[in-house]
Each structure stands twice: as structure tokens, then as C-alpha cells.
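Each chain, letter by letter, is given below.
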Amino acid sequence: KMKRYCLALDLKNDPLLISKYIDHHKKVWPEIKSSIKDSGIIAMEIYQVADRLFMIMETMDDFSFEKKHKMDSQNPFVMKWEELMSQFQKSISAAQPGEKWILMDKIFKL
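This is a predicted model, so every value here is computed, not measured.

Colleague: Would you explain the packing of helix α2 (residues 30–38) against helix α4 (residues 76–86) in this entry?
Modeller: Each packed pair of helices is defined by two parameters, the angle between the axes and the distance between the axes. Where α2 meets α4, the closest approach of the two axes is 9 Å, and the angle between their N-to-C directions is 110°. If you check the angle between α2 and α4, you find them roughly perpendicular. The interaxial crossing formed by α2 with α4 has left-handed handedness. Facing α2, whose interface residues are Glu31, Ile32 and Ser35, α4 presents Phe77, Val78 and Trp81. Taken together, the residues of the contact of α2 with α4 break down into 4 nonpolar, 1 polar and 1 charged.

Encoded structure:
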């Protein structure tokens, strides 16, 4: 059995920055892809409309954001990637200071 998480984040509302962010995601570093898989994430998709991002993650049952955060904080490639992505991102209004991707609540299922 897998778990699914949906998260949201905004980009700075600048067409050039948004375009650069998309370009980076067309060639995500192999070390980043490995770190995602190693944390227990089976599949990840990011969707974009205007300056809004939406992420869907399918994970192993034992996945935890705490474990992933700890792994990421010890990975120099992830730290560099996050630093690079930060220049394009802005927190949504529901975020705490320093928080990026925010977990969304499911409000409907068919």
C-alpha cells in the first residue's frame, strides 16, 4: 500500500523566473532524483499554472517528512538544489516562516 501527498508552493510572479524554474525541472540533477527515491518516494509529479505549483507524491507506507528532511539536511546536492530553487519560489500565505512546500488537505474524492 502506498500513501499519496499533495503539496502547494508559489513561484515569484515573473515570467522569466517561472520559465527558468521549468527549465531546471526538465533536467533535474541525478543526485536529486536519487535522494527523492532514497527517501521512500515512489513517484513525484509537479504541475504548474501561472505562479502556482502543485506536487503529487506517491510514497512507501513508512515514508515520513521528518526522515526525508533529516536525509536532505545531510545531502550537499539537495542543499545546493534547494538554495538554487529558492530564488524562484515564494511561500504561500499558509506557510510558516522558512516553510516552502505546504501539505494540502483532500476535500473531495470520487
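Colleague: Can you help me understand the side chain of Lys68 in this one?
Modeller: Along the chain, Lys68 turns up in helix α3 (residues 65–73). Filtering out sequence-adjacent residues up to four positions away, Lys68 remains in contact with Ser39, Ile41 and Phe63.

What counts, and at which threshold
- Starting afresh in each chain, residues are numbered from 1 along the sequence in its written order.
- At least 70 in pLDDT is required for a residue's local features to be given in this predicted model, at least 80 for side-chain atom pairs to be given and counted, and no such filter applies to totals for whole chains, interfaces and linings, which use all residues.
- Side-chain metrics rest on all non-hydrogen atoms present in the structure, leaving aside hydrogens and water.
- Between N-to-C directions, angles cover 0 to 180 degrees, with each direction set by a line fitted to C-alpha atoms, over the stretch in contact for helices.
- Think of it this way: any DSSP run of H or I at least four residues long counts as a helix, any run of E at least two long counts as a strand, and we number them from the N terminus.
- To sort the angles, those under 35 degrees are grouped as roughly parallel, those over 145 as roughly antiparallel, those from 65 to 115 as roughly perpendicular, and the leftovers as oblique.
- Here a crossing is taken to be left-handed if its near helix is turned anticlockwise relative to the far helix by less than a right angle, and right-handed if that turn runs clockwise.
- Whether two residues are in contact is decided by their heavy atoms, any of which lying within 4.5 Å being enough.
- Gly counts as polar in this scheme, as do all residues outside two lists: the nonpolar Ala, Val, Leu, Ile, Met, Phe, Trp, Tyr, Cys and Pro, and the charged Asp, Glu, Lys and Arg.

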